[in-house]
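# Coordinate inspection notes
So you can see what is in the structure, the chains are spelled out below.
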Amino acid sequence: MEGLRSLDKPKVIFVLGGPGAGKGTQCSKIVERFQFEHLSAGDLLRAERAREGSEYGALIDEYIRDGKIVPVEVTCSLLENAMKKSANNRFLVDGFPRNQDNLDGWNRQMSDKVDFQFVLFFDCPEDVCVDRCLTRGQSGSGRLDDNIESLKKRIETYNNDSMPIIKYFEEMGKVEKIDAKYNADDIFTKVEKIFCKSGFQ
């Protein structure tokens, strides 16, 4: 019976990488090619914050305003609700877990409810990330944090908080690392190989 139940669990892949590593671009290609659903923790929080009558809206607002990471229980609940509502059974969770607290919360709340596959890690040199984000900002991305001061802070947070999470999964043999300094199509060729090798068609 146990085996049957695990077949029904949603398959989850974490997508991690620094600001500007190309996570969003690659996620949309994976969605198109392998029929995954893309769940961005940040987008879910922003949507919940804007939703009328949200039980979490004011709380999320306060944390985002203070530049703090929203409590992991809230993020996990939003991810879980999105999975339950979806007709899909394959999910890319983008930009999460971001730090040790996120990981602990996920392990407490979600790890036995999903079939975790691996971390897709876009490893991109800092200078390339900065260039991409600044170009994106200049071309009107509408993202307030695509400027050099915010970027320095985001990269520092990523190095201090997110890299240890990637190392943790690496030690478990659960990281597929991709050199993300190339153009989007070349990167996707590598992504495609990883997904096919992992049994996704």
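Rules and cut-offs
- Residues numbered from 1 in each chain as written.
- Predicted model: local features only at pLDDT ≥ 70, side-chain atom pairs only at ≥ 80, totals over all residues.
- Heavy atoms only, no water.
- Buried < 20%, exposed > 50% of the residue type's maximum accessible area, 1.4 Å probe, protein only.
- Helix = DSSP H or I, 4+ residues; strand = E, 2+ residues; numbered from the N terminus.
- Pairing = 2+ DSSP bridges.
- Contact = heavy atoms within 4.5 Å.
- UniProt positions renumbered as here; feature names shortened; annotations may be inferred.

### A closer look at the pairing of strand β4 (residues 115-123)
Across the 9 residues that make up β4, a large majority, 7, are buried. The pairing of strand β1 (residues 11-17) with β4 spans 7 bridges and is parallel. If you follow Gly17 over to β4, its bridge partner there is Phe122. Alignment of β4 against strand β5 (residues 175-179), held across 5 bridges, turns out to be parallel. Following the sheet pairing, Asp123 is matched in β5 by Asp179.

### Considerations on the environment of Phe122
Assignment of secondary structure puts Phe122 in strand β4. According to the relative accessible area criterion, Phe122 is buried, its value standing at 0%. Sequence separation between Phe122 and Lys181 is 59 residues; the distance between their C-alpha atoms is 8.8 Å. If we skip the residues at most four places from it in the chain, Phe122 touches Val15, Leu16, Gly17, Gly18, Ala21, Lys23, Gln26, Ile178, Ala180, Ile187 and Val191.

### Structural notes on the UniProt feature "binding site: a ribonucleoside 5'-phosphate" (unreviewed entry) in the protein chain
The sites that carry the UniProt feature "binding site: a ribonucleoside 5'-phosphate" (unreviewed entry) are, in the present numbering, Arg46, Lys68, Ile69, Val70, Gly95, Phe96, Pro97, Arg98, Arg143 and Arg154. Here Arg46 is to be found in helix α3 (residues 41-50). For Arg46, a relative accessible area of 48% puts it in the partly exposed group. You can see Gly95 is positioned in the loop between β3 (90-94) and α6 (100-109). Among the residues examined, Gly95 registers a relative accessible area of 10% and is labelled buried. Among all residues touching Gly95, those that are not within four sequence positions of it are Val15, Leu16 and Ala41.

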